[in-house]
Amino acid sequence: MSKKTLTLMSKDKQLFNIEEHLAVQSVTIRNMVKEDGASSVIPLPRVDSETLALVIEYLNRQQAPEEDEDYVKKFVDERGEIPTLLELAQAALDLDIKKLMDAACMKVADLIKDFTLEEVREALRIENDRTPEEEKAIRDEFQWAF
Amino acid sequence: MIAGQMDVVHDDTAASMIDRISNLPNEIIHHILSFLDLKYAIQTSALSKRWKHIWTLLPHLNLNSRYSRSSPKFVKFVNDALSHRNHGIEVSAVELSFKGSATQLDAVVTSIVNYAYSHNVSKLTMVWFRFNKEVYKFRQRLFSCQTLKHLTLATNNLNDSGPHVPKSAWDFPALETLNLSNILFGGDGYKSLNLFSKCVNLKDLTLHGSYMWNLDIFDVCAPQLSKLTITDPQSLSKVFNVVAPKLESLTASVMDRFSNFLHLSIEDLDYLEKVNLSMLQFLDVGKYAPGLLDLFQKLCRAKFLILDYGIIKVLSTCLDQFSDEPCPFNNLKCLKSTSTVPIHVRNYFLGSSPSATFIMDFPQVLT
């Protein structure tokens, strides 16, 4: 019995095959399959090929349910760079894969929890668009939290 | 990310990185911040203009007194944070971890309950680290919420004590999971308690380190309950009465710290699948054989049985007290034990469930 395969296309037009019963861990894909059978290529315009390869690796895991939690944790631990994790979170959000989203965001939280604000800006590439005076005003406004 | 956005030139990777990440959707930012303490989340308001109000929209609030210099400061922090939050946003979960006196705890819990219960909270976790055995009674208000689905109340184990909880039925119509650790049940002359009868959707109940103070009867009446866990009781009631026709899984430490045996009153267990029993080890094991046999008879429908060293010890020492009658478990598929099961104990189970498999789940030893 041959298993049905789906093809996913990354932002940079690379194609990835994955068995349908694994792909439908993504709620987004599950809904597409339900609606139109998703016979053709499914485009994922916000996910680059490197990230999609990781997502495919994740979806293809063959873990017993009781070991799955540990596997997911290890999976993100091994890709512990913040930019990669944020790309993964973005992909997991688009594809609606809750466990992967949770794990990636939790790992980012864990990595930044001891950072200074300046380090957080650097890690999340946030541009400080305030003058030092404006920043001070914010700190004064919420001084009970600083 | 944004529809109609122009393609980024390929060699400009740094710029494209900034572009993508600084535009992280709110869902992802909220999700990341939901794993961090609220104090930290509020500090992100200084990151940039966009971040100023992000924390006010968070549905998940983590409150931990260790990040405040004193517990009065923490109480003030919680009140400030709640009053500056965007009140139009519902609260999905609150996690409180508090170290300090009962008076300060009361102030914090009152603020949280008033705010969270009026913002449709679904998950509430409160952990209190006590310094001593001072008496604290959780207020009645905490035990009435229409939206709450998951509740955890826990405190550290200081022997023979625990915070008090109300004695009339708790009003949690939506509650599915309830976790209570080192709580005192009873007192004020009460002889019996039936707390969960209004929790009509309760599926999973865990009672850890319970101190049932002079109680004759502790009732667990919950029509939807499928999982009941009773671990490490400080003190058990004389009778533990369970009316839970949908019970699938029971985990129990069968003896309290005063060596009273769990006296379970339970029937109609049509759905029972899994039973996990454990007990502290005492010298005079023979004394506990009748209680254990009684439990076996009541739980005889189980298909999966897990027994620890203490239980196996009672069985192997006093099997003569059991083997007048066949083993009550006649539908057993699997028996798992954390110690060696002697052959005569094994034969006792196989006598009634010939096809049962035995699994020994030792701590792994390297060879």
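For clarity, every value in this text was computed on a predicted model and none was experimentally measured.

**Notes on the sheet that holds strand E3 (residues 41-43) of chain A**
All names here are of chain A. With respect to topology, three strands assemble into an open sheet ordered E2-E1-E3, the strand pairing being mixed. Looking along the sheet, the strands with just one partner apiece sit at the ends: strand E2 (15-19) and E3. Going from strand to strand, the sheet's axes swing by 30° on average, the running direction of each strand aside. Of the pairings in the sheet, the one linking strand E1 (residues 5-9) to E3 comprises three bridges and is parallel in character. Paired with Leu 8 across the bridge in E3 is Ile 42.

**What about the interface of chain A and chain B?**
Taken together, the 36 residues of chain A in the interface contact 32 residues of chain B. Taken over both partners, the interface formed by chain A and chain B buries close to 3,300 Å², and the fraction arising from carbon and sulfur atoms is 69%. The interface formed by chain A and chain B holds one salt bridge in total. Elements supplying a minimum of two residues to the side of chain A that touches chain B: helix H5 (82-95), helix H6 (98-112), helix H7 (117-124) and helix H8 (132-141) of chain A. By residue number, the principal contributor to the side of chain A that touches chain B is H6 of chain A, which donates seven residues.

**Comments concerning the packing of aromatic side chains**
Scanning all chains against the criterion turns up 24 aromatic pairs over all chains. On the basis of an interplanar angle of 45° and a centroid distance of 5.5 Å, the ring pair of Phe 218 of chain B and Phe 240 of chain B is categorised as tilted. Of this pair, Phe 218 of chain B sits in strand E10 (residues 217-221) while Phe 240 of chain B sits in strand E12 (residues 239-243), placing them 22 residues apart in sequence. Summarising the burial analysis for this pair, Phe 218 of chain B and Phe 240 of chain B share the class buried. One aromatic cluster is present, formed by Trp 128, Tyr 136, Phe 138, Phe 143, Trp 170, Phe 172, Phe 185, Phe 196, Phe 218 and Phe 240 of chain B through successive ring pairs. A cation over a ring is seen here: Arg 79 of chain A above Phe 75 of chain A, with NZ or CZ 4.2 Å from the ring centre. Across from the ring centre of Phe 77 of chain B, 5.4 Å away, lies the NZ or CZ of Lys 39 of chain B, which sits over that ring.

**Brief notes about the environment of Val 200 of chain B**
Residues and elements named next belong to chain B. Relative to the helices and strands, Val 200 resides in the loop between strand E7 (192-194) and strand E8 (204-208). On the basis of relative accessible area, Val 200 is assigned to the partly exposed category, the value being 40%. Remark: the alpha-carbon pair of Val 200 and Cys 221, spanning 21 residues in sequence, is separated by 8.9 Å. Setting aside anything within four residues of it in sequence, one finds Val 200 in contact with Pro 173, Pro 223 and Gln 224.

**A word on the UniProt feature "domain: SKP1 component dimerisation" (unreviewed entry) in chain A**
Taken from the UniProt record, the annotation "domain: SKP1 component dimerisation" (unreviewed entry) applies to residues 98-145 of chain A. Segment residues 98-145 of chain A splits into 69% helix and 0% strand. End C-alpha atoms: 31 Å apart.

**A word on the sheet that holds strand E11 (residues 227-231) of chain B**
All names here are of chain B. Sheet architecture is open: twelve strands sit in the order E1-E2-E3-E4-E5-E8-E11-E13-E15-E16-E17-E18, paired in parallel fashion. Because the sheet does not close on itself, it has two edges, and the strands there are strand E1 (60-64) and strand E18 (357-360). The average undirected angle you get between the axes of adjacent strands in this sheet is 5°. Along the sheet, helix H4 (residues 71-84) makes contact with E1 and strand E2 (93-99), crossing E1 at roughly 165°.

**Topic: the pairing of strand E4 (residues 150-155) of chain B**
Residues and elements named next belong to chain B. In this structure, strand E3 (residues 123-129) lies alongside E4, joined through six bridges in parallel fashion. Its bridge partner being in E4, Trp 128 is matched across the sheet by Thr 155. Relative to strand E5 (residues 177-181), E4 runs parallel, the two being bridged by five bridges. In the sheet register, Ala 154 faces E5, and the bridge partner there is Ser 181.

**Quick word on the environment of Leu 52 of chain A**
All names here are of chain A. Residue placement: Leu 52 occurs in helix H3 (residues 49-59). Along the chain, Leu 52 and Lys 11 lie 41 residues apart, while their C-alpha atoms are 9.2 Å from each other. Ignoring sequence-local partners within four residues, the contact set of Leu 52 consists of Leu 8, Met 9, Ser 10, Phe 16, Leu 44 and Val 47.

The rules behind these values
Residues numbered from 1 in each chain as written. Chains lettered and ligands numbered in written order. Predicted model: local features only at pLDDT ≥ 70, side-chain atom pairs only at ≥ 80, totals over all residues. Heavy atoms only, no water. Pairing = 2+ DSSP bridges. Helix = DSSP H or I, 4+ residues; strand = E, 2+ residues; numbered from the N terminus. Axes fitted to C-alpha atoms, helices over the stretch in contact; angles between N-to-C directions. Contact = heavy atoms within 4.5 Å. Buried area = accessible area lost by both parts, 1.4 Å probe. Salt bridge = Lys/Arg side-chain N within 4 Å of Asp/Glu carboxyl O. Phe/Tyr/Trp six-rings, centres within 6.5 Å; stacked < 30°, edge-to-face > 60°. Buried < 20%, exposed > 50% of the residue type's maximum accessible area, 1.4 Å probe, protein only. Lys NZ or Arg CZ within 6 Å of the ring centre and 35° of its normal. UniProt positions renumbered as here; feature names shortened; annotations may be inferred.

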